[in-house]
Amino acid sequence: MIIRFLNSMLRATSTIYLLIVFSLCFHSCNNDNASIEQLPTAHLNQNKGLHELSTIPIGGAISINKVLADEKLKDITIKNFSSISATNDMKMYSILRDSTYSFEKVDKLLAFCEEHDKRLFGHTLLWHYGLPQWIQDEASKNGAASVDKFMKDYISKVVTKYKGKVVAWDVVNEGFETSGGDYRKTFWYNQLGAAYVEKAFRYAHEADPDAVLFYNDFNLERDTAKLNGVLKMISELKEKDVPIHGLGFQMHLRMDIPDSTIAYCLKKAADTGLQIHFSELDIIFNKHNDSKDGGEQQYTELTEEMKLQQAEKYKNLVLMYRNIVPLDQQYGITFWDFNDRDTWIKPFFNINDWPTIFDENLDPKPAYHGFADGLKSKSPKTKI
Ligand code: G3I
């Protein structure tokens, strides 16, 4: 009886909380003097890059060779972002292409960041996807102990090399199943069990005690079972004093994911006290099943109306981040690829889509101005 009463109180409190979050977000949106239709000219007049409009670090994920070979891409990267992630150049398959370490691209990326005063965010130390077979064979030669040694050597070598230069790392990427709250059965998990996560964080911390260490995953803003699984792992890690400092919400969003769900998940994550990074933001229109070639071409063209709806979604998202994540936990918002020409969405899901803030010609879309408007909004950065 008492438990049932407490449960219903809990449900009522959650509902009230969500109403408060939404009235705040709604209030912020309405307080904004520019309507979506006015956005393009309102922002262009100021001619400021996104990161100049914001105290939140604003990031872009790039391929350094592509950026250096394309003046327009380079200009928009330098102008808009204060933080840089590598789409692929810092992955294990890129650094350990064969049995020798190859750091040329990372060094080039670091030089670019230093020249242009950008924060370099390390993506990523451990990931299952694209892990070459030779690494798996080599690492598992003598069983678990040898995998552990390989993992430690790799993390220590890479993090030590960029100590004090790469200020934060996605230590483990996508360690949970696509949906639900279970650990993903990756090579690392199969060899070492769930303990591989703890070990990886400890090795990274030993190599650079000042680096901010993140766990990073997708669908955390919409799949509460997955989010709960990840939060449980985080609280277990914290109980054991494992040095984990941040949680990355990849934020590969879709237009129809309700803002209420995103706000609810974001609040739960912010309550951990961890740094919160929107680490790979894009917003698609079409659906997919989260696997290669799994896109469903529902929308074949991008209409003016869709552009404005996307602008509003980007704007609401930045307002939510500002309203829900306390200032000292706002690690930043990073766009993945950030233009509709280079987006990973099209080749990966084998569909056409328009998920980013710059179009195929690298010109800003209404989405860009919607996002900028969210940054510029005078809404109070309320601690909820
Ligand atoms: O560079 C080769 C090129 O030489 C070759 O002709 C071409 C043919 O397929 O492939 C090119 O490599 C591709 C590479 O991207 C660069 O474009 C790989 O096949 C392709 O698998 C790789 O995809 C990347 C994917 O991670 C796998 O590493 C995407 O660019 C990258 O955006 C994506 O990023 C991930 C995050 O790390 C984690 N979260 C999800 C996100 C999106 O999948």
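Residues numbered from 1 in each chain as written. Predicted model: local features only at pLDDT ≥ 70, side-chain atom pairs only at ≥ 80, totals over all residues. Heavy atoms only, no water.

### Describing the packing of aromatic side chains
Overall, the coordinates contain 27 aromatic pairs when judged by the stated rule. Ring geometry for phenylalanine 338 and phenylalanine 358: centres 6.2 Å apart, planes at 70°, overall edge-to-face. Pair noted here: phenylalanine 338 is in the loop between strand S11 (330-336) and helix H14 (345-349) and phenylalanine 358 is in the loop between H14 and helix H15 (366-376), with a separation of 20 residues, a long-range link. Note on accessibility: phenylalanine 338 and phenylalanine 358 belong to one class, buried. Ring centres of phenylalanine 348 and phenylalanine 349 lie 5.0 Å apart, and the angle between their planes is 90°; on these two criteria the pair is classed as edge-to-face. The exposure classification of phenylalanine 348 matches that of phenylalanine 349, with both residues buried. (Phe/Tyr/Trp six-rings, centres within 6.5 Å; stacked < 30°, edge-to-face > 60°. Helix = DSSP H or I, 4+ residues; strand = E, 2+ residues; numbered from the N terminus. Buried < 20%, exposed > 50% of the residue type's maximum accessible area, 1.4 Å probe, protein only.)

### Quick word on the site of the ligand
Residues in close proximity to the ligand total 13 residues, the closest being Lys91, Tyr93, His123, Glu174 and Glu280. In this structure, asparagine 88 approaches the ligand through a side-chain N or O atom, which is 2.9 Å from an oxygen atom. Lysine 91 is positioned with one of its side-chain polar atoms (N or O) 2.7 Å from an oxygen atom of the ligand. In isolation the ligand exposes 780 Å². Once the protein is present, 49% of that is buried. Split into classes, the residues belonging to the shell around the ligand amount to 5 nonpolar, 5 polar and 3 charged. (Near = heavy atom within 4 Å. Polar contact = N/O pair within 3.5 Å; in protein donor to acceptor, adjacent residues only side chain to side chain. Areas by Shrake-Rupley, 256 points an atom, 1.4 Å probe, with all protein chains shown as cover. Nonpolar A, V, L, I, M, F, W, Y, C, P; charged D, E, K, R; others polar.)

### A short note on the pattern of salt bridges
Across all of its chains, the model carries 26 salt bridges by this definition. The salt bridge partner of glutamate 138 is lysine 141, with a shortest N-O separation of 3.3 Å. Here aspartate 293 and lysine 292 are joined by a salt bridge, their closest N and O atoms 3.7 Å apart. By relative accessible area, which is 45% here, lysine 292 ends up partly exposed. Here the residues in one salt-bridge network are Lys66, Asp70, Arg341 and Asp342, joined through shared partners. (Salt bridge = Lys/Arg side-chain N within 4 Å of Asp/Glu carboxyl O.)

### Structural notes on the packing of helix H8 (residues 144-161) against helix H10 (residues 195-207)
Direction vectors running N to C along H8 and H10 enclose 35°, while the axes themselves pass 8 Å from each other. Considering only the axes of H8 and H10, their crossing is right-handed. When H8 is examined against H10, the residues Asp148, Met151, Lys152, Ile155, Ser156, Val159 and Thr160 are found in contact with a partner set consisting of Tyr196, Lys199, Ala200, Tyr203, Ala204, Glu206 and Ala207. Class assignment for the residues of the contact of H8 with H10 results in 8 nonpolar, 2 polar and 4 charged. (Axes fitted to C-alpha atoms, helices over the stretch in contact; angles between N-to-C directions. Left-handed = near helix turned anticlockwise from the far one by under 90°. Contact = heavy atoms within 4.5 Å.)

By themselves these figures say nothing about function.
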